[in-house]
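Read off the chains here:
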Amino acid sequence: ASGSAVYHPIIKQAWDIGPRCAPRDTVCLKVPVRMQTMLKQRSGFRAAQPGRQVMKVRAVAAPLKTATSAPTKAPLVTPEVAKDLYYDMVLGREFEEMCAQMYYRGKMFGFVHLYSGQEAVSSGVIRLLRPDDHVVSTYRDHVHALSKGVSAREVMAELFGKKTGCCRGQGGSMHMFSAKHNVLGGYAFIGEGIPVGLGAAFQSKYRRDVLGEETSDSVTCSFFGDGTCNVGQFYESLNMAALYKLPHIFVVENNLWAIGMSHLRATSRTSGDETPYIYKKGPAFGMPGVLVDGMDVLKVRQVAQEAVERARRGEGPTLIEAETYRFRGHSLADPDELRSKEEKARYQARDPIPQLKKYMLEHGLATEAEIKALEDKVAEVVEDSVKFADESPKPERGQLLENVFADPRGFGISEDGRYRYQQPGFSSGTAVVS
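Nothing here was measured: the structure is a model prediction, and the numbers come from that model.

Concerning the overall build of the protein chain
Next up, step 1: When you go through the protein chain residue by residue, the secondary structure sums to 14 helices and seven strands.
Next up, step 2: By the burial criterion, 52% of the 434 residues in the protein chain qualify as buried.
Next up, step 3: For the protein chain, restricting intrachain contacts to residue pairs at least 6 apart in sequence, the fraction spanning at least 24 positions comes to 73%.

In structure tokens:
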């Protein structure tokens, strides 16, 4: 409610008890041994170490409705939604693992950044969106594209550099784009996609408020990591989004590591806290800031749904910090030697896919046979995507000259006085040019 702190249910429970316990490698405040055990069992969070001085923690006001923390027997989603989320997460995981195989077989080139482990964030947010909503991603963009509806065939073909890819083979791993599905691209440089997402949100509001299009209530979700939250575009975009009350949702996928730099070392701690919290930067700009367990797809969906509905009502942006973890290195070229085995094991024990499967079975949302059928379908789709990509043609050389200049005269004038694009063979890439 307005004037109270907003937290993920488990986070809020930890704060109600007194200590600040977050799903990261944090030394929290002092709590009884019995309570430490309970927190470990229920949330997987690291419990407080004894001997710490208890300090008062100041809550950050945010006018967003607090997620319900009371246990309930009724399932949080319908069977149809649960199956959709499960299928989407398994598709993301299996697709990425297949990418690893194809990369090491020499089918892909350059840097490939996998999303394995973070599927709950993509599925929890994007599967809520409508076709006319926009998504802006990062260089870790394959699964975001899949969640938004881009086919596995198109994404895999793009990774193979083939003409049938979603960018006709010219984007590659870090630049997935689909105008049809309103995926506004992956971006190699951190932070550069957020202003693009802000522009999409601005046009939605402009159409409604200025052009009078009452049905224009699309929202934009921009995804980025914890490392991006220390660059200027992030703060500039927070300011503009709040200033114009844009229908924009900032989704921070805090996997605790910016390449090889620990989030706890790279970001200054927030006031009154032992370690930094990104979501608290939201209220500083006049928007709600929400912290959610990014390893639980249902909790992510609950928070995202409130943010999406709020944006559609014209109430402005929301900053969501989803604390998650990637199960592989920064990229497939990263030996992943900086993160400890113990840290990896803790987060792998909270794998979001088995969590959802268990929830579905316990709440009667699906049977073992139905879940197996979903997994089999994913396996078929992924295998088909590889076959399709491998058999697809490579782009023609002339394609390099397309989408360079809006006016082809931009290629200049040749020695014979004609525009270069008018030379025989120019568009096919076979023309001789000086």
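Focus: a nonpolar patch on the surface
Next up, step 1: A cluster of nonpolar side chains, namely F202, Y206, V210, L211, M240, L243 and Y244, defines an oily patch on the protein surface of about 670 Å² accessible area.
Next up, step 2: Broken down by element, the residue count for the nonpolar patch peaks at three residues, all from helix α8 (residues 232–244).
Next up, step 3: Examined against the element boundaries, F202 turns out to sit in helix α7 (residues 193–209).

Describing the pairing of strand β7 (residues 318–323)
Taken residue by residue, a regular strand's side chains alternate between the two faces of the sheet.
Next up, step 1: Buried residues dominate β7, accounting for six of its six residues.
Next up, step 2: For strand β3 (residues 248–254) and β7, the ladder comprises six bridges, and the chain directions are parallel. Looking at the pairing, N254 lines up with E323 of β7.
Next up, step 3: By the bridge criterion, five bridges tie strand β6 (residues 289–293) to β7 in an arrangement that is parallel. Residue pairing in the sheet places V292 in a bridge with A322 of β7.
Next up, step 4: Note on the crossover from β6 through helix α11 (residues 297–312) to β7: the handedness is right-handed.

Some remarks on the packing of aromatic side chains
Next up, step 1: With the rule as written, the count across this model stands at 10 aromatic pairs.
Next up, step 2: Pairing Y103 with Y104 gives two aromatic rings, centres 5.4 Å apart and planes at 80°, and the pair type is edge-to-face.
Next up, step 3: Overall, Y104 belongs to the exposed group, its relative accessible area being 54%.
Next up, step 4: The ring of Y87 is capped by K377, whose NZ or CZ atom sits 5.1 Å from the centre of that ring.

Some details on the sheet that holds β6
Next up, step 1: Taking strand neighbours across the sheet as the criterion, the five strands line up as β1-β2-β3-β7-β6 in an open arrangement whose pairing is parallel. Each edge of the open sheet carries a strand with a single partner, namely β1 (134–136) and β6. Averaged over all pairs of adjacent strands, the angle between strand axes in this sheet comes to 20°, irrespective of strand direction.
Next up, step 2: Of the strand pairs in this sheet, strand β2 (residues 220–225) and β3 are connected by six bridges, and their pairing is parallel. The residue of β3 that forms the bridge with F224 is V252.
Next up, step 3: The sheet strands contacting helix α4 (residues 119–126) are β1, β2, β3 and β7, and the helix crosses β2 at an angle near 170°.

Thoughts on the pattern of salt bridges
Opposite charge on two side chains permits them to pair, given that their charged atoms come into close proximity.
Next up, step 1: Evaluated as defined, the whole model comprises 25 salt bridges.
Next up, step 2: Across the pair E402 and R168 runs a salt bridge whose closest N-O atoms are separated by 2.9 Å. Of this pair, E402 sits in the segment after α14 (368–391) while R168 sits in the loop between α6 (152–159) and α7, placing them 234 residues apart in sequence.
Next up, step 3: Notably, a salt bridge pairs D209 with K205, separated by 2.9 Å at the nearest N-O pair.

So, the pairing of β6
Next up, step 1: β6 sits mainly inside the fold: five of its five residues count as buried.
Next up, step 2: By the alternation rule, side chains of β6 split into G289, L291 and D293 and V290 and V292, which are all buried.

Some remarks on the side chain of R339
Next up, step 1: Considering the arrangement of structural elements, one finds R339 in the loop between β7 and α12 (341–348).
Next up, step 2: In terms of polar contacts, R339 uses its side chain to reach the side chain of Y325, at 3.4 Å.
Next up, step 3: Apart from the residues within four sequence positions on either side, R339 is in contact with W257, Y325, R326, F327, R328, G329 and K344.

With respect to the state of the cysteines
Next up, step 1: Within the structure shown, the criterion is met by zero disulfides.
Next up, step 2: Here C166 is not disulfide-linked; the sulfur of C167 is the nearest cysteine sulfur, at 4.3 Å.
Next up, step 3: For C167, a relative accessible area of 17% corresponds to the buried category.

Some words on α6
Next up, step 1: Most of α6 is tucked away: six of the eight residues are buried.
Next up, step 2: Of the residues making up α6, those classed as buried are A152, V155, M156, A157, E158 and L159.
Next up, step 3: Along its buried surface, α6 packs onto α3 (79–104), α5 (142–147) and α14.
Next up, step 4: Downstream of α6 by one or two residues, G161 has phi in the positive range, about 75°.

Focus on the packing of helix α13 (residues 352–362) against α14
Next up, step 1: Where α13 contacts α14, the axes come no closer than 10 Å and their chain directions differ by 145°. Facing K357, M360 and L361 of α13, the residues of α14 in contact are E368, I371 and E375.
Next up, step 2: A breakdown of the residues in the contact of α13 with α14 according to their chemical character gives three nonpolar, no polar and three charged.

Reading guide: rules and limits
- Residues numbered from 1 in each chain as written.
- Predicted model: local features only at pLDDT ≥ 70, side-chain atom pairs only at ≥ 80, totals over all residues.
- Heavy atoms only, no water.
- Helix = DSSP H or I, 4+ residues; strand = E, 2+ residues; numbered from the N terminus.
- Buried < 20%, exposed > 50% of the residue type's maximum accessible area, 1.4 Å probe, protein only.
- Contact = heavy atoms within 4.5 Å.
- Patch = residues over 30% accessible without salt bridge, like charges linked within 9 Å, V, L, I, M, F, W, Y side chains within 5 Å.
- Areas by Shrake-Rupley, 256 points an atom, 1.4 Å probe, with all protein chains shown as cover.
- Salt bridge = Lys/Arg side-chain N within 4 Å of Asp/Glu carboxyl O.
- Pairing = 2+ DSSP bridges.
- Right-handed = clockwise from strand over helix to strand, strands pointing away.
- Phe/Tyr/Trp six-rings, centres within 6.5 Å; stacked < 30°, edge-to-face > 60°.
- Lys NZ or Arg CZ within 6 Å of the ring centre and 35° of its normal.
- Axes fitted to C-alpha atoms, helices over the stretch in contact; angles between N-to-C directions.
- Polar contact = N/O pair within 3.5 Å; in protein donor to acceptor, adjacent residues only side chain to side chain.
- Disulfide = S-S within 2.5 Å.
- Nonpolar A, V, L, I, M, F, W, Y, C, P; charged D, E, K, R; others polar.

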